[in-house]
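Residue-level structural notes
As a plain string of letters, each chain reads:
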Amino acid sequence: MELYLDTADISAVQRLARILPLRGVTTNPSIIASSGTSVWEVLPALRDVLGGEARLFAQVLAGHADQMVEEARRLHERVPGLVVKVPVTAEGLAALKVLKSMAIPTLGTAVYGAAQGLLGALAGADYIAPYVNRLDAQGGNGIATVRELQQLLQQHAPHAQVLAASFKTPRQALECMLAGCGAITLPVDVAQQFISAPAVQAAVDKFEQDWRDAFGTLQLV
């Protein structure tokens, strides 16, 4: 299971990396733009926080395949090991085929359907990112799409795996894991909800109070 944070917030990554078994960080143009910092500064800073084994994802901006390939090449050269995100559009599919031949790892992103995701994998993407909550918001069924995509990849493109994205609740992420997703990426607020349930803290507070009442200290005696 690969767990990623979907953010460019360096301080949040540093805080949560101490706690969570993170495999790395995913970003997209909107996330980088909201940080107000150049991608060439954000990506090295994320790697410094996470360590050398972390996996980072960054997305191309161009709309034409040739330009996508050039941007991907630049990203890959300047950030070794980076996985390049390419939207699974007509031009994106063409770019994915070329990038596969160049041995540049890729993720097919902006996936709103299982068949679309399969095409991205067949074109050469190593990861496919279905947008779970965005599908739900459009009246679709994000979890059902993930299940269909999982099945298609297992049958027809076993080299690729789902990296589910776009979550608003922990339950959505949990449903993806139950569906067999090998990788998910969580926004910081959703990741924090997994580890900050009020009932959990209430239970810990009760343990501490009972111990203090009995022994007058919070140390083991």
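Residues numbered from 1 in each chain as written. Predicted model: local features only at pLDDT ≥ 70, side-chain atom pairs only at ≥ 80, totals over all residues. Heavy atoms only, no water.

- Under an unreviewed UniProt entry, the chain has the name Fructose-6-phosphate aldolase and belongs to Affinibrenneria salicis.
- In its Catalytic activity (unreviewed entry) section, UniProt records this for the chain: "beta-D-fructose 6-phosphate = dihydroxyacetone + D-glyceraldehyde 3-phosphate". (UniProt positions renumbered as here; feature names shortened; annotations may be inferred.)

Quick notes on the overall build of the chain
- Tallying secondary structure elements over the chain gives 11 helices and 8 strands in all.
- Projected onto the principal axes, the alpha-carbon positions of the chain cover approximately 70 × 35 × 30 Å.
- Burial status across the chain gives 44% buried among its 221 residues.
- When contacts within the chain are restricted to residue pairs at least 6 apart in sequence, those whose partners lie at least 24 apart make up 55%.
- On the chain, roughly 11000 Å² of surface is accessible, and the fraction owed to carbon and sulfur atoms is 54%.
- Averaging the coordinates of the 17 positive side-chain charges in the chain and doing the same for the 20 negative ones gives two points 2 Å apart. (Helix = DSSP H or I, 4+ residues; strand = E, 2+ residues; numbered from the N terminus. Buried < 20%, exposed > 50% of the residue type's maximum accessible area, 1.4 Å probe, protein only. Contact = heavy atoms within 4.5 Å. Areas by Shrake-Rupley, 256 points an atom, 1.4 Å probe, with all protein chains shown as cover. Lys, Arg positive; Asp, Glu negative; His and termini not counted. Charge placed at Lys NZ, Arg CZ, Asp CG, Glu CD.)

Side note on the sheet that holds strand β6 (residues 127-130)
- One closed barrel accounts for 8 strands, arranged β1-β2-β3-β4-β5-β6-β7-β8; its pairing is parallel. In this sheet, adjacent strand axes meet at a mean angle of 30° when their direction is disregarded.
- Here strand β5 (residues 106-111) runs beside β6; their pairing, made up of 3 bridges, is parallel. Bridge pairing in β6 places G108 opposite I128.
- With respect to the sheet, helix α3 (residues 39-50) is in contact with β2 (24-26) and β3 (55-59), its orientation differing from that of β3 by roughly 165°. (Pairing = 2+ DSSP bridges. Axes fitted to C-alpha atoms, helices over the stretch in contact; angles between N-to-C directions.)

Regarding the layout of surface pockets
- Here the largest pocket is characterised by a volume of approximately 320 Å³.
- Lining the largest pocket are 20 residues, and of these D6, N28, R134, S166 and F167 lie nearest its centre.
- Of all elements in the fold, only α2 (29-35), β5 and α7 (132-137) reach the threshold of two or more residues within the lining of the largest pocket.
- Estimated volume of the second largest pocket: approximately 240 Å³.
- The wall of the second largest pocket is formed by N28, P29, I32, V39, W40, A58, Q59, V60, L61, E71, R74 and L75.
- Counting only elements with at least two residues in the lining of the second largest pocket, the list comes to α2, α3, β3 and α4 (65-78). (1 Å grid on protein atoms, 1.4 Å probe; cavity = no way out; pocket = protein on both sides within 12 Å on 5 of 7 lines; lining within 4 Å. Points joined across faces, edges and corners; volume = space filled by probe spheres on them.)

A look at the packing of aromatic side chains
- Tallied over the full model, the rule gives 4 aromatic pairs.
- Measuring from ring centre to ring centre gives 5.2 Å for Y4 and F57, while their planes differ by 85°; the resulting arrangement is edge-to-face. Taken as a pair, Y4 in strand β1 (residues 2-6) and F57 in strand β3 lie far apart in primary sequence, 53 residues in all.
- Residue F57 is classed as buried on the basis of its relative accessible area, which comes to 0%.
- Here the aromatic rings of W211 and F215 are separated by 4.6 Å at their centres, their planes lie at 50°, and the arrangement is tilted. Of this pair, W211 and F215 both sit in helix α11 (residues 198-215), 4 residues apart, which is roughly one turn of that helix.
- On the accessibility criterion, W211 (29% relative accessible area) is partly exposed. (Phe/Tyr/Trp six-rings, centres within 6.5 Å; stacked < 30°, edge-to-face > 60°.)

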